[in-house]
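Fold and contact review
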Amino acid sequence: MQTIAHEFLPVSSRSTKIGVWQCPPKTIALLVCVALSMSACKTTSTFNTDNSQQPATYAHLEPEEAARDLFSKGQALIRQGKKQEAFATLDELDHRFGQDPRHSVRAILAQALSLKAQSSASPTESLDIQVEIGRRYGEDIDPAMRKQIVTAMFNQAAALAKEGNLSDAIPIYREIEQTYGNGNSNEKSWGAWALFYQGDLQRQMRNPKAASAAYDRLDQRFAQETDPATRALVADALLKKGETLAEQGNIRAAIAAYGEVDRRYAEDRDASFRLRAVRALFAKGSLLGKQGMGDEPDKSENQGTGIKSTGDPAAAVAVYDDIIQRFGRDKDPSIHNIIGGTLFKKSETLRLTGDDQGTIAVYDVIVDRFGNDDAQVSRVLVATALFRKGLALGKQEGASNAAIATFEELIQRFASDTHPNVRKIIGQAITAKQRLITEMEPVHDN
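I will try to describe carefully the structure that is included in this document.

Parameters and conventions
Residues numbered from 1 in each chain as written. Predicted model: local features only at pLDDT ≥ 70, side-chain atom pairs only at ≥ 80, totals over all residues. Heavy atoms only, no water. Core = buried A, V, L, I, M, F, W, Y, C linked by side-chain atoms within 4.5 Å. Buried < 20%, exposed > 50% of the residue type's maximum accessible area, 1.4 Å probe, protein only. Helix = DSSP H or I, 4+ residues; strand = E, 2+ residues; numbered from the N terminus. Contact = heavy atoms within 4.5 Å. Salt bridge = Lys/Arg side-chain N within 4 Å of Asp/Glu carboxyl O. 1 Å grid on protein atoms, 1.4 Å probe; cavity = no way out; pocket = protein on both sides within 12 Å on 5 of 7 lines; lining within 4 Å. Points joined across faces, edges and corners; volume = space filled by probe spheres on them.

**Some points on the nonpolar core**
- Counting 70 residues, the largest nonpolar core has Ile 323, Phe 327, Ile 366, Leu 410 and Phe 414 as its most contacted members.
- Per-element accounting of this core gives the leading share, 9 residues, to helix α18 (residues 376–394).
- Leave out the neighbours within four places in its chain, and Ile 366 touches Leu 343, Phe 344, Gly 371, Leu 381, Val 382 and Ala 385.
- Ranked by size, the runner-up nonpolar core spans 38 residues in total, among them Ala 112, Ala 117, Met 145 and Val 150.

**With respect to the pattern of salt bridges**
- According to the stated counting rule, one finds 26 salt bridges in the structure shown.
- Across the salt bridge formed by Asp 322 and Arg 326, the nearest N and O atoms sit 3.0 Å from each other. One end of the pair, Asp 322, and the other, Arg 326, are both in helix α15 (residues 313–327), 4 residues apart, so they sit about a helical turn from each other.
- When its relative accessible area of 25% is taken as the criterion, Asp 322 is described as partly exposed.
- What makes Arg 326 partly exposed here is its relative accessible area of 35%.

**A look at the layout of surface pockets**
- In this structure, the second largest pocket spans a volume of roughly 150 Å³.
- Around the second largest pocket, the lining residues are Ile 324, Gln 325, Gly 328, Arg 329, Asp 330, His 336, Ile 339, Arg 369, Phe 370 and Asp 373.
- For the lining of the second largest pocket, the secondary-structure elements that each account for two or more residues are α15, α16 (333–352) and α17 (356–370).

Keep in mind these values describe shape, not function.
What follows is the structure, encoded as structure tokens:
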């Protein structure tokens, strides 16, 4: 009791000689209170140390305040260039409060991991840390940090895929899909992109069913979104699904997927979506015309579906005609170009069936529609059509002069054209013309 009295009370030289029993009653009461207070403090400190495993410096702080204090300490050490000590402090913060369920504490931990990622000398380690932030604290961080983390996750997955580690990239895309994609339109687009990439990687890994499943999930989750970027991904996923099903030999399902693209987007005000509908119809026509063109019997899932195993050129031509009729006057340049490709595809389909007259008629349509276009793709298309027309006429009896005239029209029309493909076609036309002339020359007996 005398020791405590010396610490907390002013003591005269005379008081050192007075025992406790000699002190005034008020002094004794004060000493008793001080002693009890010190005993209580000591007991409380021991309890916190045993149960919370925290040092006395944080025992009096709330978890959020203690976490923020450690985070600030780590920041200060980073600014001082003491990276190793800073990382140790941030690791201590994670160790102490990593399991804390409070939103405010989790947000501080996410900031701590982000600081560590930014300060890491290794790009790979930095990406790994940011991915970990998304996995652990995706719902507890602000939008700017969420965007930063998701970007890092996309970059890591893309790097793995580029290195050929496709199976390691897919789980990262799946993590993005599951953690994000339910917020605003930007975040929903992250989920859509993650599903789209999963489908593409599954196709590369020759897992068509898994690829189709990813495209289906994308369609189911985001088909009603109005954001143009997300809508475009849905449309592209349906196109990819059609391609995947066709690769499996499931022609009927592939045609159904292409038909869905046509149904949804053919009348869209956005030309890019109308273009997707045209591409879907073009793929449908090509599929109908080419399927089973060889002599091998059809071993796919088409048996009993009503689709001929030897192909259906008439159905393919009908699809091409549908494209030309519905989209032939569309002013969008990309659609205009694909109409030319559709006409050419129709001519090739007719040629394979032996319909020379029908084939030549389509070549004439191509020249009429695209003969005045200055675009490179149109010039190549018209030159090819004239050349093919000349070849077709040259095979018909009594049509050699018409064939020669066609080759001459081609040569004169594109005499000054410098495009390599056009120049090549002109060279072929000159050779073909000369061969026909030689064949027409009378044979003189010596």
